[in-house]
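Structural features, examined
Now for the letters of each chain:
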Amino acid sequence: MSEHLWTRAALPALAMGLSLISCGGQPPAEAQRSLAVAASTAPPTKPGAIVIAPQFLDAGDFIDGLARVRTGEALTGKWGWIDKHGTFVIPARFDEAYAFEEGLAPVRVGDNWGYIDKTGAFVIAAQFSDAWKFSEGLAPVRVGDRETGRWGYIDRQGAFVVNPQFAETGNF
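A few points on the structure. Note that the structure is predicted; figures quoted are calculated from it, not measured. (Residues numbered from 1 in each chain as written. Predicted model: local features only at pLDDT ≥ 70, side-chain atom pairs only at ≥ 80, totals over all residues. Heavy atoms only, no water.)

Judged from the four bridges that link them, strand β3 (residues 58-63) and strand β4 (residues 66-71) form a sheet pairing that is antiparallel. Of the residues in β4, the one forming a bridge with Phe62 is Ala67. In textbook terms, the turn of a hairpin is the stretch between consecutive antiparallel strands, and for β3 and β4 this stretch comprises two residues, one of which, Asp64, has a positive phi near 55 degrees. (Pairing = 2+ DSSP bridges. Helix = DSSP H or I, 4+ residues; strand = E, 2+ residues; numbered from the N terminus.)

Written as structure tokens, this is what we have:
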């Protein structure tokens, strides 16, 4: 296989994290106990080279140059975003977080969800009991608890376009 081809390392099911290595070698020992996110526009100088050292509990894919990563302990870890060099661009301060879509990412602080931009600033305050990603300019959000709460759709300013009225919903 070409050393320019990338594959995800096969890690045990309980491994917490993700390591991206190039073809041609086995995952390094460090990748077995923790994960790193490795990304580069060019392949590493040798197959299997770690680009970002294993240090995160969990990690997502790079989207527009940023990857969400979880730091700290398993039950109390926080989410933030790093660049392709492993430098935090948005500090790990969110209890839960999902990838950026249409320039915004849903994040949870305490019991409430809101949306941040790529600087980490809240664009839509954390006020919803659940929130999903934006798609076609709208995002589904829930107001109320899981049993009796209702889902509606907000625009990028946080205004309801479709008032909460659905027991279940999805993205456009």
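That covers the picture; the talk isn't over yet.
Pairing is antiparallel across the open sheet formed by four strands, whose spatial order is β11-β12-β13-β14. Lying at the two open borders of the sheet, with one neighbouring strand each, are β11 (130-131) and β14 (160-166). Here strand β12 (residues 139-143) pairs with strand β13 (residues 150-154) via five bridges, running antiparallel. Each residue of the ladder has a partner; that of Val141, found in β13, is Gly152.

On the secondary structure map, Arg142 appears in strand β12. Residue Arg142 is classed as buried on the basis of its relative accessible area of 8%. (Buried < 20%, exposed > 50% of the residue type's maximum accessible area, 1.4 Å probe, protein only.)

The topology assignment puts Leu104 in the loop between β7 (96-97) and β8 (105-109). Placed 19 residues apart in sequence, Leu104 and Val123 show a C-alpha to C-alpha distance of 8.1 Å. Residues contacting Leu104, with those up to four places away along its chain left out, are Ala99, Tyr115, Ile116, Asp117, Val123, Phe134 and Arg156. (Contact = heavy atoms within 4.5 Å.)

Below, the discussion takes up the pairing of β4. Where β4 meets strand β5 (residues 78-82), five bridges bridge the pair, whose relative direction is antiparallel. Along β5, the bridge assignment pairs Val69 with Gly80. In textbook terms, the turn of a hairpin is the stretch between consecutive antiparallel strands, and for β4 and β5 this stretch comprises six residues, one of which, Gly72, has a positive phi near 90 degrees.

Within the secondary structure, Asp83 sits in the loop between β5 and β6 (88-94). One buried charged residue, Asp83, forms no salt bridge at all, with the nearest opposite charge on Lys84 at 10.0 Å. A distance of 2.9 Å separates a polar atom in the side chain of Asp83 from the backbone nitrogen of His85. Setting aside its immediate chain neighbours within four residues, Asp83 contacts Ile52, Phe62, Gly65, Leu66 and Val89. (Lys, Arg positive; Asp, Glu negative; His and termini not counted. Salt bridge = Lys/Arg side-chain N within 4 Å of Asp/Glu carboxyl O. Polar contact = N/O pair within 3.5 Å; in protein donor to acceptor, adjacent residues only side chain to side chain.)

Here the structure, examined in full by the defined rule, presents eight aromatic pairs. Between the aromatic rings of Tyr98 and Trp113, the centroid separation amounts to 5.5 Å while the plane-to-plane angle is 10 degrees, which identifies the pairing as stacked. With a gap of 15 residues between them, Tyr98 in the loop between β7 and β8 and Trp113 in strand β9 (residues 112-116) connect regions that are remote in the sequence. With relative accessibility at 4%, the residue Trp113 sits in the buried group. Ring geometry for Phe128 against Phe160: centres 6.1 Å apart, planes inclined by 90 degrees, an arrangement best described as edge-to-face. With a gap of 32 residues between them, Phe128 in strand β10 (residues 122-128) and Phe160 in strand β14 connect regions that are remote in the sequence. Using a relative accessible area of 31% as the deciding quantity, one classes Phe160 as partly exposed. Of note, Arg68 hangs over the ring of Trp79, and the distance from its end group to the ring centre comes to 4.5 Å. Against the face of Phe100 rests Lys118, its NZ or CZ located 5.7 Å from the ring centre. (Phe/Tyr/Trp six-rings, centres within 6.5 Å; stacked < 30°, edge-to-face > 60°. Lys NZ or Arg CZ within 6 Å of the ring centre and 35° of its normal.)

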